[in-house]
Amino acid sequence: MLSCTTPYGTLQLQRYPASRDTALQAFDTADLYLLQRLQQEPESDQPLLVINDSFGTLACALAAAGKTVHSWGDSWMSWRALQSNLAANGLGSNAVQFFNSTETPTGHYQQVLLRIPKSLSLLQDQLQRLRPLLTEQALLLAGSMIKHLPPSAGDLLATHIGPYQASLGWKKARLLQCQYDPALQPHSRDLASHYPLEGTNLLLSNRPGVFSHEKLDIGTRVLLPCIAADLGSARVVDLGCGNGALGLMAALRNPDAQITFIDESWAAVASARDNFAAAFPARSARFIVSDGLSEAAANSADLILCNPPFHQQQVVGDQIARRLFRQSRHALAPGAALLVVGNRHLGYPQTLKRDFKHVEQLAAAPKFVVLAAS
């Protein structure tokens, strides 16, 4: 837990999951820049909307100042961090009203703080859905660390909300200040993408922001042929499911298997649900938005399929993968296996051997390996 001094007071903040690396903070200068700029605006009697608040810093600061705050985002981990940080600062869980990405906020907003996401499809979807909620004099303040600011983010703001001005850089952060233009008539479109699941007649649908939005990623392609067709009624988990490609292949090859799809992204789990319903309209499966298998019972899975993420927000590393591996060890039944695909340079064989007795390579490609750990 680290102290963060904001224009609205000092907070105690922590990432979720907590990290021993003190360099990994729950806030950055883009958060502080947004709060500084917002403080220059007159008070509004409308709720403040915060979008893509990575660890709840923006919402906590504003709620601690007594403001009515709504928060909107796609990450369960971000929502969980918000809950922890509200509690750490003496605020109730109802101090901020949260909407996940499958929902649309219910307020009318004069002031909006937006952390610009990596996914431009997610940003465009959020702006399309946000516009009808804005009041006539609405101000949208979008912030990012400069090194992570997509070049076309400003164009999307101008297209969907109104004219914008870019700020000077401050401590490696930048703001895009956007004023609502009621005369704009932007064209809204369905931003879901579609492509086939290789080797099948299934079509994968991907909601905005879902990993591998435009095409099936290479790692998944390498892992798909390793999914057996003799699993019977095994309990199979697609961990970090994205659009559900791995679980769908397991279901296709094993008509009696019990499939569970888990991801921390609401959009990902919704996409997996869409795809499973389209492929198997008479069949049921479980769909869970959570921190991986953190709430799974011991001995509750016979096979776990995982193409783990190697980043959380903008931080690259294997912290999330290692967490998923430990969770998998707890959830797997005796003799069951975790099938993992990863870039060779990530060194997953050594990482898995910390938690599993047996680790073997099942397949390989120039950049990827598939490993079975049991």
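No experiment lies behind these values; they were computed from the predicted model shown.

Undergrad: Any chance you could explain the overall build of the chain here in plain terms?
TA: Counting secondary structure elements, the chain contains ten helices and 20 strands. Its C-alpha atoms give the chain a radius of gyration of 22 Å, near enough to 21 Å, the size a compact globule of 374 residues would have. In terms of overall dimensions, the chain has C-alpha extents of about 65 × 45 × 40 Å along its principal axes. Here the chain holds 374 residues, and 54% of them are scored as buried. Look at the contacts in the chain between residues 6 or more apart in sequence, and 68% of them connect residues 24 or more apart. Carbon and sulfur atoms make up 50% of the accessible area of the chain, which amounts to about 16700 Å² in all. Each charge class in the chain was averaged separately, 31 positive and 29 negative side chains, and the resulting centres sit 7 Å apart.

Undergrad: In this structure, what is going on with the packing of aromatic side chains? I would like to understand it.
TA: Here a ring pair, both rings aromatic, is described through the centre-centre distance and the interplanar angle of the planes. Enumeration over the complete set of coordinates arrives at nine aromatic pairs. Judged by centre distance (5.7 Å) and plane angle (40°), the ring pair of Phe98 and Trp266 falls under tilted. On the criterion of sequence distance, the pair formed by Phe98 in strand E5 (residues 96-100) and Trp266 in helix H8 (residues 266-279) is long-range, its members being 168 residues apart. Trp266 gets classed as buried once you look at its relative accessible area, which sits at 15%. Ring geometry for Phe276 and Phe280: centres 5.0 Å apart, planes at 45°, overall tilted. Accessibility expressed as a relative area gives 2% for Phe276, which makes it buried. The exposure class assigned to Phe280 is buried, which follows from its relative accessible area of 13%. Members of the aromatic cluster, each reached through a chain of ring pairs, are Phe261, Phe276, Phe280 and Phe287. The positively charged end of Arg283 is found above the aromatic ring belonging to Phe280, 5.2 Å away from the centroid.

Undergrad: When you look at the sheet that holds strand E12 (residues 235-239) in this model, what are you seeing that I'm missing?
TA: Hydrogen bonding along the main chain pairs the strands of a sheet, whether they run parallel or antiparallel. Strands sit in the order E14-E13-E12-E15-E18-E20-E19 across an open sheet of seven strands; the sheet is mixed. Among the strands making up the open sheet, the edge pair consists of strand E14 (286-289) and strand E19 (359-364). The mean inter-strand angle of the sheet, taken between neighbouring strand axes irrespective of direction, is 20°. Relative to E14, strand E13 (residues 258-263) runs parallel, the two being bridged by four bridges. Bridge pairing in E14 links Ile262 to Ile288. Sheet contacts for helix H7 (residues 245-253): E12, E13 and strand E15 (301-306); angle to E13, the most-contacted strand, approximately 180°. Here helix H9 (residues 319-331) sits on the sheet and contacts E12, E15 and strand E18 (332-343); the angle it forms with E18, its principal contact strand, is near 160°.

Undergrad: Before we go on, may I ask you to explain the side chain of Asp125 in this structure?
TA: Looking at where Asp125 falls in the secondary structure, it is placed in helix H4 (residues 120-130). Sequence-distant contacts of Asp125, defined by excluding residues within four places in its chain, comprise Leu191 and Pro208.

Undergrad: Looking at this structure, how should I read H9?
TA: Because an α-helix completes one turn every 3.6 residues, residues spaced three or four positions apart along the sequence face the same direction. Helix length check: H9 (13 residues) gives 19 Å between terminal C-alpha atoms against 18 Å at 1.5 Å per residue, within 8%. The complete set of buried residues in H9 reads Ile320, Ala321, Leu324, Phe325, Gln327, Ser328 and Ala331. What you see down the axis of H9 is that its buried residues fit within an arc of 165°, all on one side.

Undergrad: When you look at the environment of Leu2 in this model, what are you seeing that I'm missing?
TA: You can see Leu2 is positioned in strand E1 (residues 2-6). Judged by relative accessible area, Leu2 falls into the partly exposed class, the value being 33%. Along the sequence, Leu2 and Thr159 sit 157 residues apart, while their C-alpha atoms lie 38 Å from each other. Excluding anything up to four places from it in sequence, Leu2 contacts Leu11, Gln12, Leu13, Thr22, Gln25 and Phe27.

Undergrad: Would you take a moment to explain the sheet that holds strand E4 (residues 69-73) for this structure?
TA: The seven strands lie next to each other as E5-E4-E3-E6-E7-E9-E8, forming an open sheet whose pairing is mixed. Every other strand in the sheet has two partners, leaving E5 and strand E8 (164-166) as the edge strands with one partner each. With strand direction ignored, the average angle separating the axes of adjacent strands in the sheet is 20°. Docked against the sheet, helix H2 (residues 57-64) engages strand E3 (48-51), E4, E5 and strand E6 (109-115), running at close to 160° with respect to E3.

Undergrad: What is the right way to look at helix H5 (residues 153-160) in this model?
TA: For H5, the complete set of buried residues consists of Ala153, Gly154, Leu156, Leu157 and His160. For H5, the buried positions fall inside an angular range of 160° around the axis, keeping them on one side.

Undergrad: What am I meant to see in the environment of Asn100 here?
TA: Tracing the sequence through the fold places Asn100 in strand E5. Measuring from C-alpha to C-alpha, the distance between Asn100 and Gly73 comes to 5.2 Å, with 27 residues separating the pair along the chain. What Asn100 contacts, discounting residues up to four positions off in sequence, is Trp72, Gly73 and Trp266.

Cut-offs and rules
- Residues numbered from 1 in each chain as written.
- Predicted model: local features only at pLDDT ≥ 70, side-chain atom pairs only at ≥ 80, totals over all residues.
- Heavy atoms only, no water.
- Helix = DSSP H or I, 4+ residues; strand = E, 2+ residues; numbered from the N terminus.
- Rg over C-alpha atoms; globule rule 2.2 N^0.38 Å.
- Buried < 20%, exposed > 50% of the residue type's maximum accessible area, 1.4 Å probe, protein only.
- Contact = heavy atoms within 4.5 Å.
- Areas by Shrake-Rupley, 256 points an atom, 1.4 Å probe, with all protein chains shown as cover.
- Lys, Arg positive; Asp, Glu negative; His and termini not counted.
- Charge placed at Lys NZ, Arg CZ, Asp CG, Glu CD.
- Phe/Tyr/Trp six-rings, centres within 6.5 Å; stacked < 30°, edge-to-face > 60°.
- Lys NZ or Arg CZ within 6 Å of the ring centre and 35° of its normal.
- Pairing = 2+ DSSP bridges.
- Axes fitted to C-alpha atoms, helices over the stretch in contact; angles between N-to-C directions.
- Expected span 1.5 Å × (residues − 1).
- Arc of directions from axis to C-beta.

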